[in-house]
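Remarks on the overall topology
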Amino acid sequence: MMALTFDALSVGDTLPDLVTDKITRTTLALYCGASGDHNPIHVDIDFARAHGMEDVFAHGMLNMAYLGRLVTNWVPQSAIRSLSTRFTAITPVNTVMTCTGTVAAKRVEGGEKLVELDLVATASDGEVKLKGSATVALPE
Amino acid sequence: MIDQQYIGHRMPPHSAVVEHGRLKFFAKATGQTDPVYWDSEAAKAAGHADLLAPPTFAIVLALENDRSFALFDLLGVEIGRVLHGSQDFQYFAPIVAGDTLTYQDRIDNIFAKKGGALEFVIRKTEVTNQRGEKVVEMASTIVVRNG
């Protein structure tokens, strides 16, 4: 991992993209078990259809975990002060996600050099599914 | 409509242990490639006390102890109508394998949009470890489809 510094970064700089494996039904089954989110709407097509959905769809928190990977691929996790996202659309099964990050702002607060990141997760259907942000503290 | 008397309601606190196996399973399920999340020796070599819990893991154990649907049962919300609207994590200290986390949930707000077709529940959760240190604060927006 490159040693990033606050001073070397500029607003508009980008993080290396994270492109996920395809989110298959198996991915959703594994995430259901690993996350403890047993809502059947993510793994049981009969249940999903009975509740007005065409098919099962990805857990929002699976996609947010990918946003987390995007950031921890770039800085050590200990640098992360916050991670937030809105889930702006449903992610269908059999989707590949591309996660991107951009430096949105730099500021100093409480003696820490903080970098604000805009994070976006876009599905292979071209639609933005998550609009997020993170704050990371970097050495000078 | 969800009864607004639950605004301010606190769920009983509950605790759960961060198990090695659970972290490894979560790492697999989320495609982690960094071994600090699934190899204890690699985590220790990188300076962590043990396997590191990744940034979104804190919400996983919020669902332990049969808590998955407890909030929805309390509010009379059917699980099949629930969507996740937004999620926020504020970090104060790392979570590692072997920690015991205690969750304190509070319903921060309940409101409706689109004439009640969508209802929103804001849940805030404070997570502390076995030393009483606050490790994470979480805020979740839960959307209920009534249409």
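Everything that follows concerns the structure shown earlier in this document.
Here is a short report on the structure shown in this document. (Residues numbered from 1 in each chain as written. Chains lettered and ligands numbered in written order. Predicted model: local features only at pLDDT ≥ 70, side-chain atom pairs only at ≥ 80, totals over all residues. Heavy atoms only, no water.)

Residue and element names in this part refer to chain A. Strand direction decides the pairing type here: strand E3 (residues 97–109) and strand E4 (residues 112–123), joined by 12 bridges, are antiparallel. By the bridge assignment for E4, threonine 100 is matched with valine 120. Connecting E3 to the antiparallel partner E4 that follows it, the hairpin turn spans 2 residues, and glycine 110 within it adopts a positive phi of roughly 60 degrees. Direction of pairing for E4 relative to strand E5 (residues 128–137): antiparallel, over a ladder of 9 bridges. Each bridged residue has a counterpart across the sheet, and for glutamate 116 the counterpart in E5 is threonine 135. (Pairing = 2+ DSSP bridges. Helix = DSSP H or I, 4+ residues; strand = E, 2+ residues; numbered from the N terminus.)

Further remarks concern the sheet that holds strand E5 (residues 134–145) of chain B. A sheet is described by the order of its strands in space; here 10 strands give the open sequence E1(A)-E3(A)-E4(A)-E5(A)-E2(A)-E2(B)-E5(B)-E4(B)-E3(B)-E1(B), paired in antiparallel fashion. Unpaired on one side and paired on the other, strand E1 (18–19) of chain A together with strand E1 (14–17) of chain B mark the two borders of the sheet. By the bridge criterion, 4 bridges tie E1(B) to strand E3 (residues 100–113) of chain B in an arrangement that is antiparallel. The residue bridging B:His14 from the neighbouring strand is B:Tyr103, located in E3(B). Helix H3 (residues 60–72) of chain A contacts E1, strand E2 (80–87), E3, E4 and E5 of chain A together with strand E2 (82–91) of chain B of the sheet and is inclined by roughly 140 degrees relative to E2(A). (Contact = heavy atoms within 4.5 Å. Axes fitted to C-alpha atoms, helices over the stretch in contact; angles between N-to-C directions.)

Residues and elements named next belong to chain A. When you line up the elements, alanine 121 lands in strand E4. On the basis of relative accessible area, alanine 121 is assigned to the buried category, the value being 0%. Taking the C-alpha atoms as reference points, alanine 121 and threonine 98, 23 residues apart in sequence, are found 5.6 Å from one another. The contact partners of alanine 121, leaving out residues within four places of it in the chain, are Leu67, Met97, Thr98, Cys99, Glu127, Val128, Lys129 and Leu130. (Buried < 20%, exposed > 50% of the residue type's maximum accessible area, 1.4 Å probe, protein only.)

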